[in-house]
Amino acid sequence: MDDKHMQIGEVAARTELSLRTIRHYEETGLVIPSARSQGGFRLYTESDVQRLMVIRRMKPLGFSLDQMRDLLDATDRLDDAESADGAERDALLERVRAYEQDAARKIEELRVQLSRAEDFAATLRSRLDAAGPGREPAA
């Protein structure tokens, strides 16, 4: 095995994804191992790891598997600059731009949720502080 290929365990450690999750993404066609060892083990490249990182970053923002697949398709086609003419390239860039805008909107929604959660935790701390040590807070 050459240095450019990694087995699934190393990829899992680098991406902080479970083996099961990586296999699931393979089953759904999001990431296909670049090669197989003579023993049949999945082998991944740095490009495969970067693809998994895109997926990992999209997941907490609530993007669906179909949306992940669509974005990866658009970025793959953009990376293959020779195959995209001007109009196609513009359409691909617009698809990626739409995902960037959607991600920014979802991040703002998460910031609002985080702020509310922090306010809630602060309220609980205040109640506990007001109760003092060994005293139960008033209902």
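Residues numbered from 1 in each chain as written. Predicted model: local features only at pLDDT ≥ 70, side-chain atom pairs only at ≥ 80, totals over all residues. Heavy atoms only, no water.

Named according to an unreviewed UniProt entry, the protein is MerR family transcriptional regulator originating from Streptomyces plicatus.

Colleague: What's the story with the side chain of Asp 48 in this structure? I'm lost.
Modeller: On the secondary structure map, Asp 48 appears in helix α3 (residues 46–58). Among buried Asp, Glu, Lys and Arg side chains, Asp 48 stands out as unpaired, with Arg 51 the closest opposite charge at 6.1 Å. Residue contacts for Asp 48: discarding those within four places in its chain leaves Val 31, Ile 32, Pro 33, Ser 34 and Leu 43. (Helix = DSSP H or I, 4+ residues; strand = E, 2+ residues; numbered from the N terminus. Buried < 20%, exposed > 50% of the residue type's maximum accessible area, 1.4 Å probe, protein only. Lys, Arg positive; Asp, Glu negative; His and termini not counted. Salt bridge = Lys/Arg side-chain N within 4 Å of Asp/Glu carboxyl O. Contact = heavy atoms within 4.5 Å.)

Colleague: I would appreciate a short explanation of the UniProt feature "domain: HTH merR-type" (unreviewed entry) in the protein in the present structure.
Modeller: As recorded in UniProt, the feature "domain: HTH merR-type" (unreviewed entry) lies at residues 5–74. Between the end C-alpha atoms of residues 5–74 the distance is 25 Å, and the span holds 57% helix and 10% strand. (UniProt positions renumbered as here; feature names shortened; annotations may be inferred.)

Colleague: Would you take a moment to explain the packing of helix α4 (residues 65–79) against helix α5 (residues 86–131) for this structure?
Modeller: Any two packed helices are characterised by how steeply their axes cross, that is the angle between the axes, and by the distance between the axes. Direction vectors running N to C along α4 and α5 enclose 140°, while the axes themselves pass 9 Å from each other. Here α5 runs oblique to α4, going by the angle between their axes. Relative to α5, α4 is oriented so that their crossing is left-handed. Between α4 and α5, the contacting residues are Gln 67, Asp 70, Leu 71, Asp 73, Ala 74, Thr 75, Arg 77 and Leu 78 on the first element and Glu 88, Arg 89, Leu 92, Leu 93, Arg 95, Val 96, Tyr 99 and Asp 102 on the second. Residues belonging to the contact of α4 with α5 are distributed by class as follows: seven nonpolar, two polar and seven charged. (Axes fitted to C-alpha atoms, helices over the stretch in contact; angles between N-to-C directions. Parallel < 35°, antiparallel > 145°, perpendicular 65-115°, else oblique. Left-handed = near helix turned anticlockwise from the far one by under 90°. Nonpolar A, V, L, I, M, F, W, Y, C, P; charged D, E, K, R; others polar.)

Colleague: Teacher, can you tell me more about the sheet that holds strand β1 (residues 6–7) here?
Modeller: A sheet is described by the order of its strands in space; here three strands give the open sequence β1-β3-β2, paired in antiparallel fashion. Single-partner strands in this sheet number two, and they are β1 and β2 (35–36). Strand direction decides the pairing type here: β2 and strand β3 (residues 42–44), joined by two bridges, are antiparallel. Across the sheet, the residue bridging to Arg 36 is Arg 42, located in β3. (Pairing = 2+ DSSP bridges.)

Colleague: Just to check I follow, could you spell out the pattern of salt bridges for this structure?
Modeller: Working definition: two side chains of opposite charge can pair if their charged atoms are close together. This model, assessed by the stated rule, comprises 15 salt bridges. Across the salt bridge formed by Glu 16 and Arg 56, the nearest N and O atoms sit 3.6 Å from each other. A residue pair is termed long-range when its members are at least 10 positions apart, and Glu 16 in the loop between α1 (8–15) and α2 (19–27) and Arg 56 in helix α3 qualify at 40 residues. Residues participating in the shared-partner salt-bridge network are Asp 70, Asp 73, Arg 77, Glu 88 and Arg 95.

Colleague: Quick question: what am I supposed to make of the environment of Thr 75 here?
Modeller: Mapped onto the elements of the fold, Thr 75 is located in helix α4. Each C-alpha atom, one on Thr 75 and one on Thr 123, is 45 Å from the other, the two residues being 48 residues apart in sequence.

Colleague: What am I meant to see in α4 here?
Modeller: In an α-helix, one full turn covers 3.6 residues, which means residues spaced three or four apart are oriented alike. For α4, built from 15 residues, the straight-helix expectation of 21 Å at 1.5 Å per residue is met to within 8% by its first-to-last C-alpha distance of 21 Å. Of the positions making up α4, those classed as buried are Met 68, Leu 71, Leu 72 and Ala 74. Looking down the long axis of α4, one finds its buried residues gathered within 160° of arc, a one-sided arrangement. Among the structural elements, α3 and α5 are those in contact with the buried residues of α4. (Expected span 1.5 Å × (residues − 1). Arc of directions from axis to C-beta.)

Colleague: Help me out: how do you make sense of the side chain of Asp 102 in this one?
Modeller: As for its placement among the helices and strands, Asp 102 is situated in helix α5. Beyond its immediate chain neighbours, meaning those up to four positions away, Asp 102 contacts Phe 63 and Gln 67.

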